[in-house]
Amino acid sequence: MSEIFLLNVAGLSKGFGGVPVLANVNFSLRGGERLGLIGPNGAGKTTLINVITGGHAPDSGRVAFQGRDITSLPPHRRNRLGLARSFQILSLFPEMTVFENIRNALLRYRGRHVQIWRRLSRLEDIRAEAAHYAALVGLGQALDQRVDTLPYGEARRLDIALVLAQQPELMILDEPAAGLSASETRDLVAMLQATIGTCALILVEHDMDVVYALADRIMVLDYGSVLAEGTPAEVSANRQVRRVYLGAAAG
Amino acid sequence: MTSLLVAGGLDAATYWSLAFMIAAGLTVVFGMLGFLNAAHTSFYMLAGYVAYTVTSITGSFWAALAIAPVAVAIGGLVLERLLFRRLYAAGHTAQLLLTIGLAYVIAEATKMVWGDSAFSIAPPPILAGRFSLFGATLPVYHLFIIAAAIVLLGVLGLLLRGTRLGMLIRAAASHPEMVGALGFNVRNIYTLVFMIGLYLAAFAGVVMAPMEGVYPGMADDALVQAFIVVVAGGLGSLPGAFIAAGLLGVVQGFGNIFFSSEAVFFPFIVLGAVLLFRPLGLFGVKSA
Amino acid sequence: MTMYERVLQRQILAGGHAGRQDKYGEAGATLLLLGVLAAAPLFASRATVNDLGQAVCLGLFAISFNIVFKYSGLLSFGHAAFFGFAAYAEALLLQFFGNLPIPLLVLDAAASTAILGLAVGQICVRREGAYFSMTTLAIGAGLYSIAFKWSAVTGGTDGLDGFMPDTLTILPGWQWDSPGIAQTYWLVLAILIPSALAAWALLELTPFGNAVRAVRQNEKRAKFLGYDTHHVKLANFTLAAALAGIAGALWAIDNSFVSTDSIDLTFSTTVIIIAFIGGTNWYWGPVIGAVVYIAASDWLSALTPHWQIWLGLAFILLVLFAPGGIAGLVRAGWRRANV
């Protein structure tokens, strides 16, 4: 019965300047599982992501990854353990090309990101791998385009490519469909379904279609506490959740 | 031994006063406007030199004390209108670059007008003597510096806490948009705060002159001190600057008495020690 | 953002991808610059070569400052500490040993200044922009105080001189008796140019350089991609310190004189002015600034003893209106000519 969860969050609380944002959050995730994290604006979803990935330190509680306590590890150490995230507000390397952005992720994943005895331009294997990931997200033709000239939808896909390129154990996507049109969102969902594979996923999203398409389980956050947790069917039937979040119209 | 302690104590209080007067303006302007002014101590230096000229002409230290800080503050006002205003939104890189360049230019201009040499100003006769306390003979002038600092800061404190203008300033410091929305000209309030900061530094420059003279490198030396105080106290924090200036004062005041040649390094040790335990300074906060 | 702020952003902090025309232009300009510098003793007067010797040392120093600024986005206000430290260290070694192979001195300068840079950087690099600058200023001032106070060793404001032997040792067994100005100049260049090129290669051609540039562009993302951004910035800072150390050592060798003028805050400010006048966007821009500085100190000083004011004013105007410096203006002209 003692099973090591991939991710274990216990008693997590966090406040900013006296305002509580997370209140005693507990949940676990197994390898390969896909969890949708939903809740109204200000419910604490992004803060929870930040605490899990190392952007904020919690006021109390523990985060464990693959059985190992990572609560006080800095973000870069967590990433190296196999935890990769995307960002709600685009955060890419603006003056670099699509290829160079993916290369940044790849080099670090391959442990070659601070080498001084190889020439960047001669890393053929990295170039091939980067092209592969670009193609996966549909950016195969845009390899040499500078990111600050990319259309928003393509930049969002590049964001995902950076996560995929590091072949993480756990992917955390923070509103990957934010700002995308309906058709772009459909394409995104299809792309994610095709590429996530056995990776575990935490997906923060407002678009319920995306959540239902990708998540095995859903967790609802409200005012920093877990309001409900379960399969999509269970959660959408939950009266409290419907009142708070899915809208009285669903009733 | 008591006499040494007393002497050290008086020196400590004196240095505390001066360090705080110099650094206060720098840290407040940063806290309110986000403006880092590396030319801040250039005004300190200019005031000292102007005071020298005024005392040479009029023979009166009091005239210098009345005129020089005001004159320099007005000069600062002109610079604020012409140059600094444009920099408030330009980011710290641009601000540091431009103000350090300005400091360079002011330093050279000072040498151009007054030459390369150092000057001293005689303290006014009333304050020129010494007095005894617990076996130590101490300069009366140091008491004056401390008293003047207390009076100035007391007046400022009263202004901030007891007048409508002071209330406006405090409000503008934390909620500029609200104050602006209420119809007040926040820009002018900021300018006023800037001027007060400059005035304090300039005042310190005049008051420092009879003690350590005026010399071409004094802006640089004071800048180092001011930066140490501001970083140790926490960028933008006035209470932090107050305490950090106190630490520096104590360390310099007693250091000079007991370790006269190594005392030069003590401020750096203080900075290092503070940063070791509080990397952002005593009251520093991570900016957004 | 106002127009000014946009210009400042784009010109100072944009490094990025040059178009093909730009790359050829840059390569050509670099060859031209290095070629002229190398060939100078063939056509210039001895006085000019003497000046150029100083200028290239200052230029390397300014390049090292720019390595911290352009590649890590940090303004180092105490950079003279590294230059001065190395200058003193090598001068003192020569005083003590009488004669040492020049390459050994330079190697020692690079290594020991790198260690100093590592220590200083460890304290400073953790902090963001303004804190970084202020802390580097404080540390620089601290080192100045040491140099000033320890006058028994450093000669204080009077400085050290006469430490250069009449016979320069290049390698054990290979010596130059009373080398002429051209010889010394070429010796300096022979060490300086490869050093600068090596640093350039590290920063532009290797994964390490890529990491440094990535961290500057988006430190947050780099962290979450697993980059230890503190150590990346620290490594860059250490590289810059080592380069500044080489510049300081070469200065001591070329100049035969070291004083606190090489380690004070004014000198730290001067190198900032030099770097920006020359242009921080082009790797070799700061060398242009150094040449301008030395030229100004020769020609302008004939007109007025206060030529530095004009330099400072030029610096202020440039930062306000043409933040890319002289190199930036030339590049803008080149782009317009190629459209």
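Residues numbered from 1 in each chain as written. Chains lettered and ligands numbered in written order. Predicted model: local features only at pLDDT ≥ 70, side-chain atom pairs only at ≥ 80, totals over all residues.

Draft legend 1. Expanded view of the overall build of chain A. A count of helical and extended segments in chain A gives 9 helices and 10 strands. In terms of overall size, chain A behaves like a compact globule, its C-alpha atoms giving a radius of gyration of 19 Å where 251 residues would be expected to give roughly 18 Å. Overall, the C-alpha framework of chain A stretches about 60 × 40 × 40 Å when taken along its three principal axes. In chain A, which comprises 251 residues, the proportion classed as buried is 41%. (Helix = DSSP H or I, 4+ residues; strand = E, 2+ residues; numbered from the N terminus. Rg over C-alpha atoms; globule rule 2.2 N^0.38 Å. Buried ≥ 20, exposed ≤ 12 C-beta atoms within 10 Å, placed from the backbone.)

Draft legend 2. Examining the overall build of chain C more closely. A count of helices and strands for chain C gives 15 helices and 4 strands. For chain C, the C-alpha atoms occupy an extent of roughly 55 × 45 × 40 Å along the three principal directions. If you take every contact in chain C between residues at least 6 apart in sequence, the share linking residues at least 24 apart comes to 77%. (Contact = placed C-beta atoms within 7 Å.)

Draft legend 3. Spotlight on the interface of chain A and chain C. Each partner contributes residues to the interface: chain A has 26 residues there, and chain C has 23 residues. Those elements that provide at least two residues to the side of chain A that touches chain C are α2 (75–81) and α3 (98–109) of chain A.

Draft legend 4. Representation of the interface of chain C and chain B within the structure. Counting residues at the interface gives 32 residues for chain C and 32 residues for chain B. Here the side of chain C that touches chain B gets 12 residues from one element, more than from any other, and that element is helix α6 (residues 129–149) of chain C. Taken together, the residues of the side of chain C that touches chain B break down into 18 nonpolar, 11 polar and 3 charged. (Nonpolar A, V, L, I, M, F, W, Y, C, P; charged D, E, K, R; others polar.)

Draft legend 5. Layout of the packing of helix α9 (residues 218–233) of chain B against α6(C). α6(C) packs onto α9(B) with a crossing angle of 130° between their chain directions and a minimal axis gap of 9 Å. Accordingly, the angle class assigned to the pair α9(B) and α6(C) is oblique. With respect to the hand of their crossing, α9(B) and α6(C) are arranged in left-handed fashion. From α9(B), B:Val224, B:Phe227, B:Ile228, B:Val230 and B:Val231 reach across to α6(C), where they touch C:Tyr131, C:Met134, C:Thr135, C:Leu137, C:Ala138 and C:Ala141. Considering only residue class, the contact of α9(B) with α6(C) consists of 10 nonpolar, 1 polar and no charged. (Axes fitted to C-alpha atoms, helices over the stretch in contact; angles between N-to-C directions. Parallel < 35°, antiparallel > 145°, perpendicular 65-115°, else oblique. Left-handed = near helix turned anticlockwise from the far one by under 90°.)

Draft legend 6. Layout of the environment of B:Gln95. Residue and element names in this part refer to chain B. Structurally, glutamine 95 is set in helix α4 (residues 91–114). C-beta crowding within 10 Å serves as the criterion here: with 23 such atoms nearby, glutamine 95 is assigned to the buried category. Separated by 39 residues in sequence, glutamine 95 and phenylalanine 134 have C-alpha atoms that sit 49 Å apart. Ignoring sequence-local partners within four residues, the contact set of glutamine 95 consists of Phe35, Leu36, Leu87 and Ala90.

Draft legend 7. Summary view of helix α8 (residues 186–212) of chain B. Helix length check: α8(B) (27 residues) gives 38 Å between terminal C-alpha atoms against 39 Å at 1.5 Å per residue, within 8%. Looking at the residues trailing α8(B), positive phi occurs at B:Gly213, about 75°. (Expected span 1.5 Å × (residues − 1).)

Draft legend 8. A look at the pairing of strand β4 (residues 60–65) of chain A. All names here are of chain A. Bridge count between strand β1 (residues 7–16) and β4: 5 bridges; the pairing is antiparallel. Pairing of valine 9 across the sheet is with valine 63, part of β4. Here β4 pairs with strand β5 (residues 68–69) via 2 bridges, running antiparallel. Of the residues in β5, the one forming a bridge with phenylalanine 65 is arginine 68. Linkage of β4 to β5, two consecutive antiparallel strands, is achieved through a turn of 2 residues, within which glutamine 66 is found at a positive phi near 55°. (Pairing = 2+ DSSP bridges.)

Draft legend 9. Fine view of the sheet that holds β4(A). Residue and element names in this part refer to chain A. The strand order β2-β1-β4-β5 describes an open sheet built from 4 strands, whose pairing is antiparallel. Edge positions in the sheet fall to β2 (19–29) and β5, since each has one partner strand and no second. Of the strand pairs in this sheet, β1 and β2 are connected by 7 bridges, and their pairing is antiparallel. Paired with valine 9 across the strands is phenylalanine 27, a residue of β2.

Draft legend 10. Structural context of the packing of helix α5 (residues 102–124) of chain C against helix α11 (residues 229–255) of chain C. Residues and elements named next belong to chain C. At a closest axis distance of 7 Å, the pairing of α5 and α11 adopts a crossing angle of 140°. Put simply, α5 runs oblique to α11. Two packed elements cross with a definite hand, and for α5 against α11 that hand is right-handed. Within the contact of α5 with α11, the residues separate by chemical class into 18 nonpolar, 8 polar and no charged.

Draft legend 11. The arrangement of helix α9 (residues 207–217) of chain C in detail. Among the 11 residues in α9(C), 11 count as buried, and that is most of the element. Considered for burial, the residues of α9(C) that qualify are C:Pro207, C:Phe208, C:Gly209, C:Asn210, C:Ala211, C:Val212, C:Arg213, C:Ala214, C:Val215, C:Arg216 and C:Gln217. Here the buried face of α9(C) lies against α3 of chain A together with α3 (46–72), α8 (181–205), α10 (219–224) and α11 of chain C.

Draft legend 12. A look at unusual backbone geometry. A positive phi angle, close to 40°, is found at A:Gln167, a residue other than glycine. Along the chain, A:Gln167 turns up in the loop between α5 (152–165) and β7 (170–174).

Draft legend 13. Highlighting the nonpolar core. Ranked by internal contacts, the top residues of the largest apolar core, which has 282 residues, are A:Ile102, A:Ala161, B:Ala23, B:Ala202, B:Val229, C:Leu243 and C:Leu250. Those residues in contact with C:Leu243, other than ones at most four positions away along the chain, are C:Leu60, C:Ile63, C:Ser64, C:Ile67, C:Ser195 and C:Ala199. (Core = buried A, V, L, I, M, F, W, Y, C linked by C-beta atoms within 7 Å.)

Draft legend 14. Representation of the arrangement of the chains. Between chains B and C lies the most contact-rich interface of the 2 pairs of chains that touch. A gap remains between chain A and chain B, with no contact made and the closest C-alpha atoms lying 12 Å from each other.

Draft legend 15. Main features of the sheet that holds strand β10 (residues 225–230) of chain A. Residues and elements named next belong to chain A. The 6 strands lie next to each other as β6-β7-β8-β3-β9-β10, forming an open sheet whose pairing is mixed. Strand pairing shows two members of the sheet lacking a second neighbour, β6 (83–85) and β10, which therefore form its edges. Sheet twist, expressed as the average angle between the axes of neighbouring strands with direction ignored, equals 15°. Contacting β3 (34–38), β6, β7, β8 (200–204) and β9 (217–222), helix α1 (residues 45–53) crosses the sheet at an angle of about 150° to β7.

What is shown is where atoms sit, not what they do.
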